[in-house]
Amino acid sequence: MLLTTIALGALAATLLSPLLLSLLLPARSHRPPPSDIGETYGAASAVLSALALIVIGVQAREMRFAREEAERSHHFQLLQLQIENPVPA
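Before going into details, it helps to say that this report is about the structure given with it.

About the cut-offs
- Residues numbered from 1 in each chain as written.
- Predicted model: local features only at pLDDT ≥ 70, side-chain atom pairs only at ≥ 80, totals over all residues.
- Heavy atoms only, no water.
- Helix = DSSP H or I, 4+ residues; strand = E, 2+ residues; numbered from the N terminus.
- Buried < 20%, exposed > 50% of the residue type's maximum accessible area, 1.4 Å probe, protein only.
- Areas by Shrake-Rupley, 256 points an atom, 1.4 Å probe, with all protein chains shown as cover.
- Phe/Tyr/Trp six-rings, centres within 6.5 Å; stacked < 30°, edge-to-face > 60°.
- Lys NZ or Arg CZ within 6 Å of the ring centre and 35° of its normal.
- Salt bridge = Lys/Arg side-chain N within 4 Å of Asp/Glu carboxyl O.
- 1 Å grid on protein atoms, 1.4 Å probe; cavity = no way out; pocket = protein on both sides within 12 Å on 5 of 7 lines; lining within 4 Å.
- Points joined across faces, edges and corners; volume = space filled by probe spheres on them.
- Nonpolar A, V, L, I, M, F, W, Y, C, P; charged D, E, K, R; others polar.

## Details of the overall build of the protein
Move 1: A count of helices and strands for the protein gives two helices and zero strands.
Move 2: Looking at the 89 residues of the protein, the share that counts as buried comes to 4%.
Move 3: Put simply, the protein shows about 7600 Å² of open surface, and 70% of that area lies on carbon and sulfur atoms.

Quick look at the structure:
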């Protein structure tokens, strides 16, 4: 949940950065060239990509643990069924 909030905040800041720059800087001041603003988008993109990879890694780990737990549960149920209903030899 925290990572989602951070990612959405970074996305909003990235999308609103031209507007924020025009509000923060007076009209007559020296504004940064568009290439500097483009580099800022590149940095934000790298941060968002890193966060996305972290989230994907965590989800993959959770899915693996859930799959292993399901396999153990299934194996336990099969053993319990075999014990409760033995097949005569």
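## Some details on the packing of aromatic side chains
Centre-to-centre distance and the angle between the planes together describe a pair of aromatic rings.
Move 1: Under the criterion given, the structure shown has zero aromatic pairs.
Move 2: For the cation-ring pair, arginine 64 lies above phenylalanine 65, with the distance from its terminal atom to the ring centre recorded as 5.0 Å.

## Quick word on the pattern of salt bridges
Move 1: What the rule picks out here adds up to three salt bridges.
Move 2: Put simply, glutamate 68 and arginine 72 hold a salt bridge, and the shortest N to O gap is 4.0 Å. Pair noted here: glutamate 68 and arginine 72 are both in helix α2 (residues 34-84), with a separation of four residues, about one helical turn.

## Details of the layout of surface pockets
Think of a ball as big as a water molecule: rolled over the atoms, this probe shows where empty space is left.
Move 1: Approximately 160 Å³ is the volume attributed to the largest pocket.
Move 2: Forming the boundary of the largest pocket are Met1, Leu3, Thr4, Ala7, Leu8, Leu48, Leu51, Ala52 and Val55.
Move 3: Elements with a contribution of two residues or more to the lining of the largest pocket: α1 (2-24) and α2.
Move 4: Residues of the lining of the largest pocket, tallied by class, amount to eight nonpolar, one polar and no charged.

## Structural notes on the environment of leucine 11
Move 1: Its place among the elements puts leucine 11 in helix α1.
Move 2: In this structure leucine 11 comes out as partly exposed when scored by relative accessible area, which is 39%.

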